[in-house]
Amino acid sequence: MTDEHDILLPIANVGRIMKQILPPSAKISKEAKETMQECASEFICFVTGEASDRCHKENRKTVNGDDICWALSSLGFDHYSEAMLRYLHKLREFERQRANQSNYKASSSTEEKDEATSSAASAPSFDFEILERGGRSSPKP
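Residues numbered from 1 in each chain as written. Predicted model: local features only at pLDDT ≥ 70, side-chain atom pairs only at ≥ 80, totals over all residues. Heavy atoms only, no water.

Caption draft 1: Inspection of the environment of Arg92 at higher detail. Mapped onto the secondary structure, Arg92 falls in helix H4 (residues 78-107). A distance of 3.0 Å separates polar atoms of two side chains, one belonging to Arg92 and the other to Asp66. (Helix = DSSP H or I, 4+ residues; strand = E, 2+ residues; numbered from the N terminus. Polar contact = N/O pair within 3.5 Å; in protein donor to acceptor, adjacent residues only side chain to side chain.)

Caption draft 2: Just the environment of Gly15, in detail. Following the sequence through the fold, Gly15 ends up in helix H1 (residues 11-21). A residue is classified by how much of its surface remains accessible, and Gly15, at 7% relative accessible area, is buried. Sequence separation between Gly15 and Lys33 is 18 residues; the distance between their C-alpha atoms is 5.9 Å. In this structure Gly15 touches Ile28 and Lys33, once residues within four positions along its chain are discounted. (Buried < 20%, exposed > 50% of the residue type's maximum accessible area, 1.4 Å probe, protein only. Contact = heavy atoms within 4.5 Å.)

Caption draft 3: Structural view of the pattern of salt bridges. Taken as a whole and assessed by the stated rule, the structure comprises seven salt bridges. Between Arg60 and Asp67 there is a salt bridge, with the nearest N and O atoms lying 2.7 Å from each other. The exposure class of Asp67 is buried, given its relative accessible area of 2%. What you see here is one network of salt bridges that share partners, running through Arg54, Glu58, Arg60 and Asp67. (Salt bridge = Lys/Arg side-chain N within 4 Å of Asp/Glu carboxyl O.)

Caption draft 4: Examining the packing of aromatic side chains more closely. Under the counting rule described, the total for this entry stands at two aromatic pairs. What links up through ring pairs into an aromatic cluster is the set Phe43, Phe77 and Tyr80. (Phe/Tyr/Trp six-rings, centres within 6.5 Å; stacked < 30°, edge-to-face > 60°.)

Caption draft 5: How the structure looks around unusual backbone geometry. Here the phi dihedral of Asn59 falls at roughly 55°; this positive angle occurs in a residue that is not glycine. Note that Asn59 resides in the loop between helix H2 (30-57) and helix H3 (65-74). In this structure Asn59 comes out as exposed when scored by relative accessible area, which is 73%.

Caption draft 6: Up close: the side chain of Gln37. Position of Gln37 among the secondary structure elements: in helix H2. By relative accessible area, Gln37 is classed as buried at 11%. One polar contact links the side chain of Gln37 to the main-chain carbonyl oxygen of Leu9, over a distance of 2.6 Å.

Caption draft 7: Here's a closer look at H3. Buried within H3 are the following residues: Asp67, Cys69, Ala71 and Leu72. In this structure, the buried residues of H3 make contact with H2 and H4. Between the side-chain oxygen at the start of H3 and the backbone nitrogen of Asp66 there is a gap of 3.0 Å, and the oxygen is on Asn64. Positive backbone phi, at 95°, marks Gly76, one or two positions downstream of H3.

Caption draft 8: How the structure looks around H1. Those residues of H1 that fall on the buried side of the exposure criterion are Val14, Gly15 and Met18. One side of H1 carries all its buried residues, which in axial view fall inside an arc of 100°. Exposed side of H1, more than 90 degrees from the buried face: Arg16, Ile17 and Gln20 are the residues found there. Residues of H1 that are buried sit in contact with H2. (Arc of directions from axis to C-beta.)

Below you can see the structure in the form of structure tokens.
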């Protein structure tokens, strides 16, 4: 059996995520971080368990992003599911472009490789919206 703390998100990471949404002068108590740590970890287990059940029924061993989005939707988290699907599509498109650039670099001359490398160095920009109570969304500050 695993220790309870083995399946919790790192508290420092939880605190950093919480700080991102708060004003710079705001403080977060240890109790608030621990509570959020428990809730977020339980939420991940809950959604992953639902996705895993689907995979098991379909005789698959690998849970993928689509399974997580399906699980979110089937558990009533449609707003999150929609946001995650948008993210998943953007991520897959970025990975396709990166793979195409890698293929291009492998078949091009050294000069072209240097030019492609400088343009490929930038990371993708994924814009998320912050979901407010009631399902309304607002752009991330």
